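One letter stands for each residue in the lines below.
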Amino acid sequence: MVDIPRIFNITESAHRIHNPITPDKLATLGAALRLAPGTRVLDLGSGSGEMLCAWARDYGIIGTGIDMSQLFTEQARLRAVELGVTDQVTFIHGDATGYISEEKVGVAACVGATWIGGGVAGTIELLARSLRTGGIILIGEPYWRQLPPTEAVAKGCLANAISDFQMLPGLLASFGQLGYDVVEMVLADQDGWDRYEAAKWLTMRRWLEANPDDELAKEVRAQLTSEPVRYATYTREYLGWGVFALMARH
Ligand code: SAH
């Protein structure tokens, strides 16, 4: 059975949202998109399903999510039960690479998992194949809030290179170059980054106490020791993140 590297299933096991976006900003995004009840939403890399479940409850959408983490997919199904939306949302455990929905959707999303399509451009192309005419594509992606002065600083942000990401105006321009209008955006802030990153630390600490002899214990211990300072020095200062709503220009 396919799955993501186990370290993420450990460090993010208690996360409901696996990105720097917060529940209130997810609600803001849903409202900003003016979702009509019954709108079909496809979500590639749906994680623990919070976006689809919350939008099903709040805006009456019909959602399908695909995620490669077995744990997150199980959590998404439990969240659907908790929010009373099991008749509106479906969560599929699997690799979303190349996934195209049978029925066209009004919103096709990939929020913080654009490697699924080999980058932003490839993911937009993939999502477009599931989208009805006039539909909206959602891309969740990092950008540089401040340009790293050196490649070492980019690596400190866990990027491979400065060229991995653009500044916000460059990212917005790149959507235009791909033939899309940017019709909305909701940006994360540093508090949202804290909810995503700092929430891992207590999870790691408790996991270590419960699993001292696990083969990943050394790695988790090393991360717990170094992450707060690394995060505050680099990611929190340099990296922005947002969800961008796009409509084809044609
Ligand atoms: N969109 C969710 C999750 C973002 S984290 C949220 O905002 O909460 C990235 C997600 O992509 C993880 O849940 C991970 O399990 C999933 N993932 C990684 N590679 C994948 C792939 N090839 N196919 C489907 N999901 C994948």
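Look up a bit, the structure's there.
Cut-offs and rules
- Residues numbered from 1 in each chain as written.
- Predicted model: local features only at pLDDT ≥ 70, side-chain atom pairs only at ≥ 80, totals over all residues.
- Heavy atoms only, no water.
- Buried < 20%, exposed > 50% of the residue type's maximum accessible area, 1.4 Å probe, protein only.
- Helix = DSSP H or I, 4+ residues; strand = E, 2+ residues; numbered from the N terminus.
- Expected span 1.5 Å × (residues − 1).
- Bend = angle between axes of the 7 residues up to and from the residue.
- Contact = heavy atoms within 4.5 Å.

**Student:** For this particular structure, what's the right way to read unusual backbone geometry?
**Tutor:** Most of the time, phi is negative for any residue but glycine, and the peptide bond is trans. Phi is positive for Arg34, close to 55°, though the residue is something other than glycine. Taking relative accessible area as the criterion, Arg34 reaches 73% and is therefore assigned exposed.

**Student:** Explain helix α9 (residues 217–233) to me, please; I cannot follow it from the model alone.
**Tutor:** A turn of α-helix holds 3.6 residues, and therefore any two residues three or four places apart point the same way. Given a rise of 1.5 Å per residue, 17 residues ought to cover 24 Å, and the 25 Å separating the end C-alpha atoms of α9 matches this to within 8%. In α9, a bend of some 45° at Glu227 exceeds every other bend along the element, and Pro228, a proline, comes one to four places later. Residues of α9 that are buried sit in contact with α1 (6–11), α6 (151–156), α8 (190–210) and α10 (235–238).

**Student:** In this structure, what is going on with the environment of Arg16? I would like to understand it.
**Tutor:** Position of Arg16 among the secondary structure elements: in the loop between α1 and α2 (23–32). Taking the relative accessible area as the measure of exposure, Arg16 reaches 45% and is therefore partly exposed. Taking the C-alpha atoms as reference points, Arg16 and Gly49, 33 residues apart in sequence, are found 7.7 Å from one another. Beyond its immediate sequence surroundings of up to four residues, Arg16 is in contact with Ser48, Glu50, Arg79 and Glu82.

On their own, these measurements won't tell you what the molecule is for.
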